[in-house]
Amino acid sequence: MTEKTILVSLEVNGKPVSARVPARTTLVDFLRDELRLTGTHVGCEHGTCGACTVMLDGEPIRSCLVFAVQLEGQRITTVEGLTKPDGSLSILQDSFAEAHAQQCGYCTPGMLISAQSLLNNNPQPSDDEIRVAISSNLCRCTGYQQIVNAVGMAAERMAKE
Amino acid sequence: MEQAFKYIGAKRRTKEAPRFLTGSGRFVADIHLPGMKHVAIVASPHPSARIISINTEAARAMPGVRYILDGEEFCAHTDTLYVGVDAPKLKRYALARDVVRYSGEWVVAVVADSRAQAEDAAELVEVEYQATPHVIDPELSLRDDAPLIHPEHGSNQLYHRKFVWGPVEAAFREAEERVSFRVTWGRSSTVPIETFGVLAQWHEADQLLDVWASIQMPKYPDQLARALRLPGNAVRVHYDVDVGGSFGLKRGIKHTVLVSYLARKVGAPVRFIEDRLENMRGGDMHGPDRFFDVEVAFNRDGIIKGLRIRAVDDVGAYAGRSPLQLGKPVSAICGPYQIHAIEYEPTSVMTNKTPQEAVRGFGQAPTNLALERTMDHVARHLGMDPIELRRKNFIRKDQFPYLIPSGSTYDSGDYHTVLDKALAAIDYPELLRQRDSLRAAGALAGIGISTCLEPSGGNSAFEPLFNAKNDTTTWMDSCLVRVDLSGAITGVMGTSSAGQGHETLVATVLGEVLEREPDKIRVVHADSLNALPSNSPVGSRMAIMLGGAAAGAARKLKATLIRLAAHNLGCAIDDIEYADGNTSVRGNPERGLSWDKLVEIAHRKFHLLPPEMEPGLQASFVWEVPTGGGLPTEDGRIQIYPCYSFEAHVLLIKIDADTGRPKILKYLCGHDCGVMINPDVVHGMTYGGIAHGIGAALYEKFAYTEEGELASGTLMDYLIPSSMEVPELHIVDHCTPSPLTTFGQKGSGESGYLGSAAAICNAVNDALAPRGKSIETLPMSNLAIWNTLHATLSATR
Amino acid sequence: MKAAPFEYVRAESLDHACQMLVQHGDEAKLIAGGQSLVPMLAMRLLAPAWLVDIHGLSELQQIAIAEDQLVIGAAVRQCVADADPRLNSAVPLLSRALHWVGHAATRNRGTVGGSLAHADPSAELALSAALLEATLTLRSERGSRQVAAGDFLIGPMMTCLEADECLLEVRFPIWQEARTGSAFEEISARHGDFAIVSAAAQVGVDQTGRCTRAALAIGGAGPSALAFNDLARRLVGTRLEDGLLRDLAQQVAAKVEPTSDLQASAAYRHHLAGVLAERALLGAKRDAGLSS
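Residues numbered from 1 in each chain as written. Chains lettered and ligands numbered in written order. Predicted model: local features only at pLDDT ≥ 70, side-chain atom pairs only at ≥ 80, totals over all residues. Heavy atoms only, no water.

1. A word on empty space enclosed by the protein
All names here are of chain B.
- Taken as a whole and assessed by the stated rule, the structure comprises ten cavities of 30 Å³ or more.
- Space inside the largest cavity adds up to approximately 600 Å³.
- Looking at the largest cavity, it is lined by 46 residues, and the ones nearest its centre are Gln-500, Pro-537, Ser-540, Met-685 and Gly-749.
- Of all elements in the fold, only α15 (502–514), α16 (542–569) and α18 (679–699) reach the threshold of two or more residues within the lining of the largest cavity. (1 Å grid on protein atoms, 1.4 Å probe; cavity = no way out; pocket = protein on both sides within 12 Å on 5 of 7 lines; lining within 4 Å. Points joined across faces, edges and corners; volume = space filled by probe spheres on them. Helix = DSSP H or I, 4+ residues; strand = E, 2+ residues; numbered from the N terminus.)

2. What about the nonpolar core?
- Phe96(A), Tyr410(B), Ile760(B) and Met780(B) are the most contacted members of the largest nonpolar core, which has 174 residues in total.
- In terms of residue count, helix α19 (residues 753–768) of chain B provides more of this core than any other element does, eleven residues in total.
- Of all hydrophobic cores here, the second largest spans 53 residues; its members include Cys479(B), Met542(B), Ile562(B) and Trp623(B). (Core = buried A, V, L, I, M, F, W, Y, C linked by side-chain atoms within 4.5 Å. Buried < 20%, exposed > 50% of the residue type's maximum accessible area, 1.4 Å probe, protein only.)

3. Side note on the sheet that holds strand β4 (residues 63–66) of chain C
All names here are of chain C.
- Sheet architecture is open: five strands sit in the order β4-β5-β10-β6-β7, paired in antiparallel fashion. Looking at strand neighbours, the two that pair on one side only are β4 and β7 (143–148), the edges of this open sheet. Averaged over all pairs of adjacent strands, the angle between their axes in this sheet comes to 25°, without regard to strand direction.
- Here strand β6 (residues 135–140) pairs with strand β10 (residues 166–173) via five bridges, running antiparallel. Each bridged residue has a counterpart across the sheet, and for Leu-138 the counterpart in β10 is Leu-167. (Pairing = 2+ DSSP bridges. Axes fitted to C-alpha atoms, helices over the stretch in contact; angles between N-to-C directions.)

4. Notes on the domain arrangement of chain A
All names here are of chain A.
- Under the domain assignment, chain A is made up of domain 1 (6–81) and domain 2 (91–160).
- Between the C-alpha centres of domain 1 and domain 2 there is a distance of 21 Å.
- At the junction of the two partners, domain 1 supplies 18 residues and domain 2 supplies 15 residues.
- For the pair domain 1 and domain 2, the summed buried surface comes to about 1200 Å²; carbon and sulfur atoms form 57% of the total.
- Counting the surface domain 1 buries against domain 2, the share from its top three residues, His-41, Met-55 and Val-79, is 37%.
- Counting across the domain 1 and domain 2 interface gives zero salt bridges.
- Applying the counting rule to domain 1 against domain 2 returns six residue pairs in polar contact (both at pLDDT 80 or more). (Domains from an automatic or database assignment. Contact = heavy atoms within 4.5 Å. Buried area = accessible area lost by both parts, 1.4 Å probe. Salt bridge = Lys/Arg side-chain N within 4 Å of Asp/Glu carboxyl O. Polar contact = N/O pair within 3.5 Å; in protein donor to acceptor, adjacent residues only side chain to side chain.)

5. Regarding the interface of chain A and chain B
- On the side of chain B, 57 residues touch chain A, which itself brings 48 residues to the contact.
- At the boundary of chain A with chain B, total buried surface from both sides reaches about 4300 Å², with 57% on carbon and sulfur atoms.
- Connecting chain A to chain B are six salt bridges.
- A salt bridge links Lys11(B) to Glu98(A), with the nearest nitrogen and oxygen atoms 3.9 Å apart.
- Counting every contact that joins chain A to chain B gives 20 residue pairs in polar contact (both at pLDDT 80 or more).
- Elements with a contribution of two residues or more to the side of chain A that touches chain B: α2 (91–99), α3 (108–121), α4 (127–134) and α5 (145–160) of chain A.
- At five residues, α2(A) tops the list of elements feeding residues into the side of chain A that touches chain B.
- Looking at the side of chain A that touches chain B, its residues break down into 19 nonpolar, 19 polar and ten charged. (Nonpolar A, V, L, I, M, F, W, Y, C, P; charged D, E, K, R; others polar.)

6. Quick word on the side chain of Ser214(B)
Residue and element names in this part refer to chain B.
- Positionally, Ser-214 belongs in the loop between β11 (208–213) and α7 (220–228).
- Given a relative accessible area of 0%, Ser-214 falls into the buried group.
- Among residues more than four places away in sequence, those in contact with Ser-214 are Val-28, Glu-194, Thr-195, Phe-196, Gly-197, Val-243, Gly-244 and Lys-250.

7. Some remarks on the interface of chain C and chain B
- Across the contact, 24 residues belong to chain C and 31 residues belong to chain B.
- Along the contact surface separating chain C from chain B lie five salt bridges.
- A salt bridge links Arg279(C) to Asp656(B); the shortest N-O distance between them is 2.8 Å.
- Across the contact surface, chain C and chain B share 13 residue pairs in polar contact (both at pLDDT 80 or more).
- Looking at the side of chain C that touches chain B, the elements with two or more residues in it are β11 (179–188) and α12 (266–287) of chain C.
- Grouping the amino acids of the side of chain C that touches chain B by side-chain chemistry returns 13 nonpolar, six polar and five charged.

8. Here we look at a negative patch on the surface
- Residues Asp127(A), Asp128(A), Glu129(A) and Glu728(B) make up a contiguous surface patch of negative charge.
- Considering the arrangement of structural elements, one finds Asp127(A) in helix α4.
- Among the residues examined, Asp127(A) registers a relative accessible area of 40% and is labelled partly exposed. (Patch = residues over 30% accessible without salt bridge, like charges linked within 9 Å, V, L, I, M, F, W, Y side chains within 5 Å. Areas by Shrake-Rupley, 256 points an atom, 1.4 Å probe, with all protein chains shown as cover. Lys, Arg positive; Asp, Glu negative; His and termini not counted. Charge placed at Lys NZ, Arg CZ, Asp CG, Glu CD.)

9. Points about the packing of aromatic side chains
- This structure, assessed with the given rule, holds 23 aromatic pairs over all chains.
- For the pair Phe163(B) and Phe466(B), a centre-to-centre distance of 6.3 Å together with 20° between the ring planes defines the contact as stacked. Within this pair, whereas Phe163(B) is found in strand β8 (residues 163–165), its partner Phe466(B) is found in helix α14 (residues 462–466), the two being separated by 303 residues in sequence.
- Residue classification places Phe466(B) among the buried residues on the basis of a relative accessible area of 4%.
- Centroid distance Trp786(B) to Tyr268(C): 5.1 Å. Interplanar angle 45°. Geometry classified as tilted. Remark: Tyr268(C) occurs in helix α12 and Trp786(B) occurs in helix α20 (residues 782–789); the pair is interchain, linking two chains. Each member of the pair Trp786(B) and Tyr268(C) is classed as buried.
- Of the aromatic side chains, those joined through ring pairs into one cluster are Tyr159(B), Phe163(B), Trp165(B), Tyr344(B) and Phe466(B). (Phe/Tyr/Trp six-rings, centres within 6.5 Å; stacked < 30°, edge-to-face > 60°.)

Quick look at the structure:
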């Protein structure tokens, strides 16, 4: 264990965190291995599948395509940060549950991040806009249909709140 | 006549949803054990070579390195893995010894403190190879002059047999017309977003191996123990690991034997989570790679008289259960059609490619492609509407149970109605108008139909069919239900899940039988030493088998409660009325015992128990597959699967003639899987299956170069369709209950996938027909379609 | 798929970045958004000893209009460029091109300069730069130099950047024609994938509908994005009749030099170049307000 480490401090889900890691540690490995926030998943490590999608300052990024050290001081939101303050499901999460938009649950966290980012910027997206927004997240279980339904349902429910 | 159910068939959120939606799932890579070590693999760059030497000196000197293992040591201390057919000289280990047989085959495993360090060291392992001739093409591999993949086996042919069921020769002699063609299912797979992963820990004092894995595999602990030369009870597989997608595929037995050996050797927990490169090249998870030579005999009225199918499947360099993927389709070899004379000639061949593993449908989806192309070829030959042709040949509703020539009896179905419902739901006349107006505007447009079966209830009767030395006749599953002192119900299942919602399934079934609210029922996954027998969620079986086992256990429990009530109320068992878990004497509702009282008696009051009743409150049920238990006849007839779900796909596709690019404009699937226990779950799997079939039909392929190198080893070039390639999907349900199952349910775990690729292939061919072109090879990529359209053009360039 | 170990240094200024490049030579690699670089590091196709991070450098973040040029700093993120109204008003082709670049999640991190410096022959921004004959400013301790896009992109994943040079900014000409129209066409295997072949066209017309300026470029069908502006110049003075556009597209299709790979044969790419060139030209014409 002679590899040099660097202190990385971030704000994750509203809390300051820090850990010493080798420079080559990607953000997703930092979140999972150092912070034990295992909700963010690894699917390809080359930026194609979207399973590792998290928010950086509110916008989705691939956490396998950035080294943690590059983000010093920045604000990250993971799936663990999407729930309401009391720990209950957010409208989007609840809509996923209602529409059965998850099966194995592996792509789900990244899918939720992409969908939530969309809704933050575009509260009333069309089905086509939803499809574009989640096209960076591959899912093998759902054929996307119930996910598109869930995001549309969440948008409607948010509009009523 | 549909039964009225209290919970079955109702809208219900899955029990699994909250943990997956909050990032609280427990996938294998989420499990952290103190002192855990990590594995990286050194893989062969050659498709075929002799290993001359392995030098690990520099690698050993790297920081964090704990162990470096080669095939010499590993093969000396473990036993070969299971091979599904009778080929005793074929050996298969996780690490190559002396020779490598495919590019990506594992040669050396490096254990280090971190995965990154393991990779650092793996880069420094020096392996000297001497390349030897390789063969990639399955037809070349069957030739006498082909290089032998396993010389000790004597041939590259792993399995071959010609089955003749019914008067095939006469049918071909007498039929008025015949058509023959070749159709090819490309090498694709399920490629879940989670790769395979395993974590193993050896407890020396207990002589016990703990395993957590992303697994969906029958007889996994047993095979693992055998390969490790351990008694079965020295292996404890934890089934409470969430599996990130599998669809038949996650059978990481070689990974597990390797990691378990290393864990024991290193004296620390060792984990191996495949990275995507290892997964694609050496994860041994490619799917069927199969061509069919089909000859069909029929009369001018469209009635099919006979069918000859030669199927050649390329399993790659090693085999586990993969050759058996030619066996399962025997269960539905004539599809939903009345065909009385069938010849089926399956050949399993080895090449220098990554080995094949079980994929959703276990070989049925490619076979359905061959059958559905057959129907369209016949229709085209006769100038008949392909829908009309199918209707003419369908087994009719009044013919069930229906015995097909290969020995399976279909349980139930109503194919005409499901197809009619699908056509009505998509507004077929309007669909035709849309196609024709697209054509009138100069576009290429086509409609595709497929009507396919999903054999379900996963049995393994193809094992004795394909291997006379294997007389396995049971493929049971089980469930344990217990009620604790608080009155809460827990269901225990003996296998892991990969998104199928089994916890919801078991809770719903237990709730239905016991008349208790399913949301309050907990369902857990036992470990393999605590579990009742299971054969894992393969072969579209869990609604039937786990559902049936849960119902059986719940019924036993309910009978116990009723006996307990009768004993304490002083009446006959038949006089007890049971409602919502509470009991009363018939005609006297005042006299009764509530659920809570009965539970209390069972747990605390031995003096109130009937004679010989066990205290506590639990019941288990182990269920054999309905219709299972038989062995094949000499001519290879056998009942394989019990239940037959049906799906009718209809779609409209448009092809950009200038670029070859296809776009699905409308898609609908009519689906009948009997009684649905949870419609959302069934629909979800069906949508997913359709999308998976879209991938197989248009995008996904493990392509090989002539040099034997995998050319699509990343998710950048193995093209899983996104939400932009999968169109809006619609499903219309129909319910023909199965007479063989507890509630009339059939399987649906492979639904959608079993007919979508076939329907898309038919649609593309309908689109190309006005140009006089056809395409019979999947995937039909932009390039492949363009090449077809410009066949003469590209030949002259 | 873990990157080989490297030393990380966050550049404090452009000068600092250049200094690091001089100090470490071939051993150093600049990282901006990393969307192309990190996968190569993860697969260990590259293993630089030093990674010099220029992602946050304020000197590389500007978007400005300077006379008849749109200036975009090298580290401007693609999403920031896309959201800037000046792009769509000054060089709308860039807005069109950006929509084809990856996905939102990669555009949020990926930079304009990073894409250009990566020099993928099918990259949309490289194609735009070639088409519009953008000028790139390269900086090193030796000073600054300006190179034309066509000279910058010298082959697949190859640029004229020296080991000690850093891309500072790219300047896209703003056409001052009476009316300008542009179009971007692409075929990829899936939405968001790299182009199999792409084509971009831009035309200027006067008040009478006569072409005053024209540009056409093809991506994915040669060692780098190829501009055919000499050929396109023949359209000047015409009314961009469809037949002329088709002829030009066919000429271009014959001139591209594609290779074969898994997704596409050379013959297919030749063909696509013609199809997409024609579509792009027709699209640009329509965008300029002319009907077919």
